[in-house]
Amino acid sequence: MNLELLVPDIGDFDQVEVIEVLVKKGDHLKKNDAVITLESDKSSVEVPSTIEGSIKDIIVKVGDKVSKGDVILSVVGIENKDEKIPPLTEKIIKEAENTIQYNDNLNQIKKPEPIENIKKTNIEFVSNKDDIDPVETKEWVESLTAVVQQEGSERANFLIKQLIDHAYRQGSKIPYTQSTPYINTIPPEEETKSPGDQNIERRLRSLIRWNAAAMVVRANKKFPELGGHIGTFASAATLYDVGMNHFWRAKSDNFGGDLIYFQGHSAPGMYARAFLEGRLNEKQLDSFRQEVNKGGLSSYPHPWLMPNFWQFPTVSMGLGPMLAIYQARFMKYLINRGLIKDEGRKVWAFLGDGEMDEPESLGAIGLAAREKLDNLIFVVNCNLQRLDGPVRGNGKIIQELEGIFRGAGWNVIKVIWGSYWDSLLANDKSGHLVKLMNETVDGEYQAFKARDGLYVREKFFGKFPETFQMVSAMSDKDIWRLNRGGHDPHKVYAAYDKAVKNIGSPTVIIAKTIKGYGMGKSGESVNTTHQQKKLDVDDLMYYRDRFDVPLSDQQVKNIEYFKPDENSPEIKYLKQRRYDLGGFIPERTTFSKPIKTPEKNIFDTMTKSTGEKEMSTTMALVRMLTSLLRDKHVAKKLVPIIPDEARTFGMEGFFQKIGIYAHEGQKYEPEDAAQLSSYREEKSGQVLEEGINEAGAMSSWIAAGTSYTNHDIEMIPIYLFYSMFGFQRTGDFAWAAGDSQARGFLIGATAGRTTLAGEGLQHQDGHSHLLASTIPNCISYDPTFHYELAVIFREGLKRMHENNENIFYYITTMNENYSHPEMPKGCEDGILKGMYRIKDFSKHKKNKIQLLGSGAILREMISAAEILQNDYEIDSEIWSVTSFNELRRDGLEVERYNLLNPDKEKKITYLEKCLGKTEGPILAASDYMRMNSDQIRPYVSKSFYSLGTDGFGRSDTRKNLRKFFEVDKEHIVTYGLSILANEQLIASKYVKDAIKKYKIDQAKPMPTKL
Ligand SMILES: Cc1ncc(C[n+]2csc(CCOP(=O)(O)OP(=O)(O)O)c2C)c(N)n1
Ligand SMILES: [Mg+2]
């Protein structure tokens, strides 16, 4: 039977142009095959087939304008009679049915098994002065105790929840509690025991502690200016060691590897372990923080400086937590898209408690819970101090963080107290000890550990007679030994074990430690610990004794490293543990396959003139991406990332075509389900729609851009944003991207201070290229025409994803519609190097000026050149500058070479190759600050002038804005004449005439002052 394919609902558009016909007569058409591409004023979208069969006739052709209901083509095929319900609706019904079944299962609640061997502890309570009936309270507590003991805690939780719900309905105001008592989340009886040899592990940990401290002290003895930190790792050593010995699986032939974000200031500890593992030698340790010569160890985790070692730059506080969240999310994305296997890999992030003050640290925790990132584990090392002093002297950081994370939906595990406290807590029949723990603030806890056992006895236990009594049989030394959870390998092991087994939510382990643990008087728990980088001989002796490091006094005085023999039980154990866990960590390796660059013909349409048709470069980019999605090598690897701006950039067509990633699929029928660009969420969706969250989008981009090393799969992230909300907003992430060697495209869309009309001061970007230029491995371009964009993009694909250069691209695109010319012959090399001659006006052969225009302002230049030629008989050459940044880099390099090689033949800058033999002065302009074009000033040998958009932006029409910032064609003509007059090539009367003719206000202040 004959079937017809009609133009579907394309939203608010009517009479939309067909720009591509993707099928031919006689083709066998399958459902969802793209048939034609439609393009409206601002977006292009492919129309998929909803019918199947052999194509009999194609009714539409390129250039036709179509509307909803028009016939596209007809096929000879069979209608699927069964398919009465639209597929999306059917999917939703199926999912709903499955959920109902699932809920039915849940409803058959099993009665808990009687708990035979439960430890009978009496749950007591501390009488409270507000309690008007303590006897009644006691009865309630006893009832609850009985339930816990006989039916288990789950039943008790259930009853409490019922009571709360009931009380709400009765109108009670239930007090809001966000945190649990100040004790460990895991009770001793639920702790999983470590299978490790505790003695050997302690000895190893002591050596790592010693070598880490020795490394910092030695470096600073040699060069006091080098810096370094002892206190951070000293507080976190156990947290790292338990992970290294038992939990963190390295990348191997058959496993992708866990990913660990190490806290920046704990780097010495990682080097010290690598030393024992035989990965680093003494000479390298002695080169800590001396990174200029080869072989030095970087101050902090910097993949750029140690590309085979460090994976994640974390030392700019707040970046690590956010990057780790999006890393875990991206891992799930790759799994859900079927690009990597689900191997149960985890992402661990080690964070400081002070670091949690950074808005970025907590800013994305909601996403982690929402997306059920059970592959993510945060370990917050709560040593209660940051750089200047206590993190929360008057409060409790652990309780605060618990509330925040629990409120966000995380699994929270507090590791506050070490094993030595277990018996005291078990004997806390009156509840006074927990009350005391709850009431003591962090400032006090810190002070206790800066003093001694006697002080703790008096100031802590001494607060209540009951608690004072509890420790009466203990010596001051015993009291001093009462350890904190984060220093107790048993407690840490139990927490990690629970964390890795947790399903359905991310986990945060909040561990209490002591800053500068073991440093004694020189730096344990004192406000100055953070910056302690020197230890005198007495301090070193104390440190040695504290951790039983087998060094003689003389060796301590020499600050010698200690490494046991290769055949010692310690080294064998250490290596065996890592062998069993797949290899060493951290280690950065890459086994990804390059992506073949698409043939040039995929960009063919972009090298032809668009004729009458006007379009923006943003639209040209989206068109190009649509074509790239048809390339078999590239299509699956593209990761479009958009922070709630898809419609602004005309990308809504991507929603249907490749879907929006949603870990739970789409649970609703979207409002616009009937439309072609309907909002389609899918578990295997390809678009990362990040919401209004540039920092998150940037983190996703970094995760995707480093996927080649972290997941051994090369991906092509392309993140489109309002250019003003790019580098300016998330510059530190961009810097970290450079360090991480991320590969991919950043697209600063709606760019330019005068091109983005009708917005305002905070939207109009006049400096993102300057910010981009600060990152050494960021290559940036400001193209004007679609073919420039195509050449740049293809080269980017080739350099980054086929040749695997560790660079990334920043390209600005605009929203101004204009027609694009055909690509001039032989300009590709110039486009990539930064400039090429696009026009030569040489009719009059009297006076000439070189006009350099970039981005949107190039077109103003071309118009100005026409006026100069026609009205003033001035010739000009017009150069399209695609990148002032690249021209400057070439200039810098050539100049440096020439200065360092005075005896050799001089190299010539690319700029000089272009402009050296040309006539007349140079006028350069862009839609960015003058400093953008001024970058090339030192490398040209002619008079150089620039125009630009210095000053605050403001909303108006493009015409008025360009006039205001003096980059419109009239100003270019006037300034051009003035430059020629200044160079004494023409009379100044021409300038005066132009000023009058174009009504230029000479008294107007600089735009920077307005
Ligand atoms: C964004 C940023 N701001 C400031 C610093 C400087 N700084 C380095 S460490 C530190 C204190 C860290 O305290 P905390 O997070 O508690 O880590 P700890 O060393 O106590 O484990 C500060 C302020 C930084 N590294 N990054
Ligand atoms: Mg701290």
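Residues numbered from 1 in each chain as written. Chains lettered and ligands numbered in written order. Predicted model: local features only at pLDDT ≥ 70, side-chain atom pairs only at ≥ 80, totals over all residues. Heavy atoms only, no water.

### Brief notes about empty space enclosed by the protein
Inspection of the entire model under this criterion finds seven cavities of 30 Å³ or more. Computed from the structure, the largest cavity encloses a volume of approximately 130 Å³. Residue lining of the largest cavity: Trp417, Trp421, Tyr445, Phe448, Lys449, Val456, Phe460, Ile479, Trp480, Leu482 and Arg484, and that is the complete set. No other element matches the three residues that helix 14 (residues 442-450) contributes to the lining of the largest cavity. Among the residues forming the lining of the largest cavity, the class breakdown is nine nonpolar, no polar and two charged. Taken as a whole, the second largest cavity encloses approximately 70 Å³ of empty space. Contributing to the lining of the second largest cavity are Tyr261, Gln311, Phe312, Pro313, Leu323, Gln327, Ser699, Ile702, Ala703, Thr706, Asn710 and Ser740. Among the elements of the structure, helix 8 (319-336) and helix 24 (694-705) are those that each provide at least two residues to the lining of the second largest cavity. Here the lining of the second largest cavity gets three residues from one element, more than from any other, and that element is helix 24. The residue makeup of the lining of the second largest cavity, split by class, is six nonpolar, six polar and no charged. (1 Å grid on protein atoms, 1.4 Å probe; cavity = no way out; pocket = protein on both sides within 12 Å on 5 of 7 lines; lining within 4 Å. Points joined across faces, edges and corners; volume = space filled by probe spheres on them. Helix = DSSP H or I, 4+ residues; strand = E, 2+ residues; numbered from the N terminus. Nonpolar A, V, L, I, M, F, W, Y, C, P; charged D, E, K, R; others polar.)

### Topic: a nonpolar patch on the surface
A contiguous nonpolar surface patch, about 330 Å² in accessible area, is contributed by Leu144, Ile160, Ile164 and Tyr168. Position of Leu144 relative to the elements: it lies in helix 2 (residues 134-151). Given a relative accessible area of 34%, Leu144 falls into the partly exposed group. (Patch = residues over 30% accessible without salt bridge, like charges linked within 9 Å, V, L, I, M, F, W, Y side chains within 5 Å. Areas by Shrake-Rupley, 256 points an atom, 1.4 Å probe, with all protein chains shown as cover. Salt bridge = Lys/Arg side-chain N within 4 Å of Asp/Glu carboxyl O. Buried < 20%, exposed > 50% of the residue type's maximum accessible area, 1.4 Å probe, protein only.)

### Notes on the environment of Val940
Locating Val940 in the fold gives a position in the loop between helix 33 (930-934) and strand 26 (944-947). Of the residues examined, Val940 reaches a relative accessible area of 11% and is grouped as buried. Note: C-alpha distance between Val940 and Cys914 (26 residues apart in sequence) is 9.9 Å. When near neighbours in sequence (up to four residues on either side) are disregarded, Val940 contacts Leu911, Glu912, Leu915 and Ile922. (Contact = heavy atoms within 4.5 Å.)

### Focus: the pattern of salt bridges
Scanning the entire structure with this criterion turns up 62 salt bridges. Here Glu151 ties to Arg155 by a salt bridge, and the two come within 3.9 Å at their closest N and O atoms. Among the residues examined, Glu151 registers a relative accessible area of 27% and is labelled partly exposed. According to the relative accessible area criterion, Arg155 is partly exposed, its value standing at 29%. Taking the shortest distance from any N to any O, the salt bridge between Glu444 and Lys463 comes out at 2.8 Å. A residue pair is termed long-range when its members are at least 10 positions apart, and Glu444 in helix 14 and Lys463 in the loop between helix 15 (453-459) and helix 16 (465-470) qualify at 19 residues. Shared partners join several salt bridges into a network, and the residues in it are Glu17, Glu39, Lys613 and Arg623.

### What to know about the confidence of the model for the protein chain
Looking at the protein chain as a whole, its pLDDT mean stands at 93, while 95% of the residues score no less than 70. Contacts for the low-pLDDT stretch residues 99-121, under 50 throughout, to residues beyond four places or in other chains number 14 contacts. (pLDDT = per-residue confidence, 0-100.)

### Section: helix 13 (residues 432-439)
All buried positions along helix 13 are accounted for by His432, Leu433, Val434, Leu436 and Met437. Its buried side turned inward, helix 13 meets helix 12 (422-426), helix 14 and helix 16.

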